[in-house]
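A closer look at the structure
Each chain, letter by letter, is given below.
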Amino acid sequence: MDTPRVGIPDGLASRMSMAEQHEYLRGRIGRGRFGGTGGGSGAGFGRRGLLRAGSVAVGTVAGAGLLGSSAAPVAGPVFLPSSAAARVDGSLVAPFGRHLAFGADPKTQMTVSWQVPFPVRKPFVRVGLKPWELSRKIEAEVRPLHTPSLTDELPAVDQYYLHVPLERLRPGTTYYYGVGHEGFDPADPRHLTTVSTFRTAPAAARTDAFVFTAFGDQGVSYDALANDQVILGQNPAFHLHAGDICYADSSGQGDSSDTYDARVWDQFLAQTETVASRVPWMVTTGNHDMEAWYSPDGYGGQNARWTLPGGGLDPVKSPGVYSFTYGNVGVVALDANDVSHEIRANTGYTDGTQTHWLDRRLAALRADRDIDFIVVFFHHCAFSTTNAHASDGGVREAWVPLFDKHGVDLVINGHNHVYERTDALRSGTVRRRVDIGASVDSVRDGIVYVTAGGAGKALYSFPAPDSYEGNASEVESVSSYHWTEDGTKTSETVEWSRVRYTGFSFLAVEVTAGTRPKLEVTALAESGARVDHFRVTR
């Protein structure tokens, strides 16, 4: 299974869209298979009809009076906290899993998100310009999430996600913040160690050099944690996570014991907190992030956990589709589940509107004189050679022509659990060989595509020898394949696979403005060792 196992027999799930899986689950729960309540008959899986119907019925958050939230309606199942949980002493409940995300304007907007293990009264954020002056107190929105027992081995799970969007911030400014609730105040001297910081984007587009980092396919593991600590050492302005975020379906390999467990999200957010509480952690959706129980598109759970920039395609139905600018870089996040030929549970779910939005957004970014570079990140690979997934023809067909048309400078993918980097390509053909340490002019030479999927999950293999800095193994071509529209593999022999590294790793990009702007792109192993570097100019 390449999507989370949620209790549907594998043979049946593989033939279902995400919307059909959702209706099947709700139908079974309605008949009492898992207990609780649910809707849907489980019959007549009309994909387009389901998509037109939209998300699960929404309503104000249950227990809003208790939790003191003025939350807007949130898509997903409503949970009523038990009386026992409602009586938990707030002084005994510590917030965890803090994670930041930019708003639509990173110069003035930042969202603070976190978790609590039980319902609490009046959750809030304190924020100020000094750690001892957290005078500004802002009430949080509560997004409770209920997951039933999807198998006999797993319990039902109730999770509480809290969000505060901060606006009218000063550009280029470091803020201190702390999260709390009635009984737990971060301004209390006993809790000052829980205070963290964030920094807004600079006011000027062409400013001092900055670094951002990126990877995909992290999950929860020692190697994932090791990568995080090396990332923190880069002092990034933001981090891009190209899908397959936590693997709440255990190993993600479709084993008989590999069933969706919502509690893994708690582990993941606790693992990443050392970075994500200080560095905006910008995610998009991969195939393992489609969770059928929560909504017809599979993204109801993501909407509870994350608040991502507005102004994208549709923040509820397509939360992983958005863009933002930081300095002289425009960043675009895409949901490749929509165009994938390989994993078709959500293929076509936007009916082409995402691709039209991409065309317009890239055109606007390229027309902006303050933007030097456009970086696009998404999950499924346009160009990769691993034995596991290789390249997705759907991505190539839908989006690569738009990347070429609008002069995208760097594309970052996950999905394949390795590091791989292409030469400079135009229309999928090598325009310039890009050796380790070389420079490429993206206007003249084309686009470099990077697969940075070695964030922490079990590694894949290549059909050719590894070839990376300090361990070069040149080959003229690599025998690989790409996925076609009918869901089959088509063999191909490619010459664009320039660097291959089977190891846990991530990408660090140093951005410099000026008369000759550049991206210094470096791939680092979890040990901190450099395995690749190249320069992009324009």
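**Comments concerning the overall build of the chain**
- A count of helices and strands for the chain gives eleven helices and 27 strands.
- A burial count over the chain gives 61% of its 538 residues as buried.
- Of all intrachain contacts in the chain linking residues separated by at least 6 positions in sequence, the fraction that spans at least 24 positions is 71%.

**A look at helix α7 (residues 263-276)**
- A rise of 1.5 Å per residue sets the reference length of α7, with its 14 residues, at 20 Å; its end C-alpha atoms lie 19 Å apart and thus fit the reference within 8%.
- When the local axis directions of α7 are compared, the greatest deviation, roughly 30°, occurs at Ala270.
- Along α7, the residues classified as buried are Val264, Trp265, Phe268, Leu269, Gln271, Thr272, Glu273, Val275 and Ala276.

**What to know about the side chain of Thr484**
- Relative to the helices and strands, Thr484 is located in the loop between β22 (478-483) and β23 (489-494).
- The buried category is assigned to Thr484, whose relative accessible area is 16%.
- Apart from residues no more than four positions distant in its own chain, Thr484 is found in contact with His341 and Thr490.

**Considerations on the sheet that holds strand β3 (residues 124-128)**
- One open sheet accounts for four strands, arranged β4-β3-β7-β8; its pairing is antiparallel. Of all strands in the sheet, those with a lone pairing partner are β4 (136-139) and β8 (196-199), marking the two edges. If you compare each strand with its neighbour and ignore which way they point, the axes differ by 30° on average.
- One ladder, built from four bridges, connects strand β7 (residues 174-180) with β8; its direction is antiparallel. Counted as the bridge partner of Tyr175 is Phe198 from β8.

**Let's talk about unusual backbone geometry**
- With phi around 55°, Arg168 is a residue other than glycine that occupies positive phi space.
- Tracing the backbone through its elements, the reader meets Arg168 in the loop between β6 (157-166) and β7.
- Positive phi, normally seen in glycine, also occurs at Ala390, with a value near 50°.
- You can see Ala390 is positioned in the loop between β14 (373-377) and β15 (391-392).
- With relative accessibility at 1%, the residue Ala390 sits in the buried group.

**Some words on the sheet that holds β15**
- Taken together, three strands build an open sheet; the order of strands is β15-β22-β23 and the sheet is mixed. At either end of the open sheet lies a strand with only one pairing partner, and these are β15 and β23.
- Pairing of β22 with β23, which is carried by six bridges, proceeds in the antiparallel orientation. Opposite His482, over in β23, you have Thr490 as the bridge partner.

**Side note on the packing of aromatic side chains**
- The full count for this structure, using the stated rule, is 20 aromatic pairs.
- Note on Phe378 and Trp399: the rings are 5.2 Å apart at their centroids and 75° apart in plane angle, and the pair reads as edge-to-face. With a gap of 21 residues between them, Phe378 in the loop between β14 and β15 and Trp399 in the loop between α10 (393-398) and α11 (400-406) connect regions that are remote in the sequence.
- We classify Phe378 as buried; its relative accessible area is 0%.
- Classification of Trp399 as buried rests on a relative accessible area of 0%.

**Things to note about the confidence of the model for the chain**
- For the chain, the average pLDDT comes to 88, and 87% of its residues sit at 70 or higher.
- When the elements of the chain are averaged for pLDDT, helix α3 (residues 47-53) gives the smallest value, 30, and β14 the largest, 99.
- Between residues 33-85, whose pLDDT stays under 50, and residues either more than four places distant or in other chains, the model counts 121 contacts.

**Side note on helix α6 (residues 222-232)**
- Among the residues making up α6, those that are buried are Asp223, Ala224, Ala226, Asn227, Asp228, Val230 and Ile231.
- Contacts from the buried residues of α6 go to β9 (210-215), β10 (238-241), α7, β11 (281-283), β25 (505-512) and β26 (518-525).
- N-capping of α6 is provided by Ser221, with a side-chain oxygen placed 3.4 Å from the backbone N of Asp223.

**Some remarks on the pairing of β3**
- The buried fraction of β3 is high, at five of five residues.
- Of the two faces of β3, both are covered, the one formed by Phe124, Arg126 and Gly128 as well as the one formed by Val125 and Val127.
- Note: β3 against β4, four bridges, orientation antiparallel. Along β4, the bridge assignment pairs Val125 with Ile138.

**What to know about the environment of Ala345**
- By the secondary structure assignment, Ala345 is in the loop between β13 (329-333) and α9 (353-367).
- Along the sequence, Ala345 and Gly298 sit 47 residues apart, while their C-alpha atoms lie 9.4 Å from each other.

**What about the packing of α6 against α7?**
- The interhelical angle for the contact between α6 and α7, taken along N-to-C directions, is 10°, at an axis separation of 9 Å. Viewed along their axes, α6 and α7 adopt a mutual orientation that is roughly parallel. On the side of α6, the interface is formed by Ala224, Leu225, Asp228, Gln229, Ile231 and Leu232, while α7 contributes Gln271, Thr272, Thr274 and Val275.
- Residues belonging to the contact of α6 with α7 are distributed by class as follows: five nonpolar, four polar and one charged.

**A look at the pattern of salt bridges**
- Counted under the stated rule, the structure contains 25 salt bridges.
- A salt bridge links Asp188 to Arg190, with the nearest nitrogen and oxygen atoms 2.8 Å apart.
- With a relative accessible area of 65%, Arg190 lands in the exposed category.
- Linking Arg366 and Asp409 is a salt bridge whose minimum nitrogen-to-oxygen distance equals 3.0 Å. Of this pair, Arg366 sits in helix α9 while Asp409 is found in the loop between α11 and β16 (410-413), placing the two residues 43 residues apart along the sequence.
- Within the structure, one salt-bridge network assembled from shared partners comprises Asp423, Arg433, Asp435, Glu474 and Arg498.

Reading guide: rules and limits
- Residues numbered from 1 in each chain as written.
- Predicted model: local features only at pLDDT ≥ 70, side-chain atom pairs only at ≥ 80, totals over all residues.
- Heavy atoms only, no water.
- Helix = DSSP H or I, 4+ residues; strand = E, 2+ residues; numbered from the N terminus.
- Buried < 20%, exposed > 50% of the residue type's maximum accessible area, 1.4 Å probe, protein only.
- Contact = heavy atoms within 4.5 Å.
- Expected span 1.5 Å × (residues − 1).
- Bend = angle between axes of the 7 residues up to and from the residue.
- Pairing = 2+ DSSP bridges.
- Axes fitted to C-alpha atoms, helices over the stretch in contact; angles between N-to-C directions.
- Phe/Tyr/Trp six-rings, centres within 6.5 Å; stacked < 30°, edge-to-face > 60°.
- pLDDT = per-residue confidence, 0-100.
- Polar contact = N/O pair within 3.5 Å; in protein donor to acceptor, adjacent residues only side chain to side chain.
- Parallel < 35°, antiparallel > 145°, perpendicular 65-115°, else oblique.
- Nonpolar A, V, L, I, M, F, W, Y, C, P; charged D, E, K, R; others polar.
- Salt bridge = Lys/Arg side-chain N within 4 Å of Asp/Glu carboxyl O.

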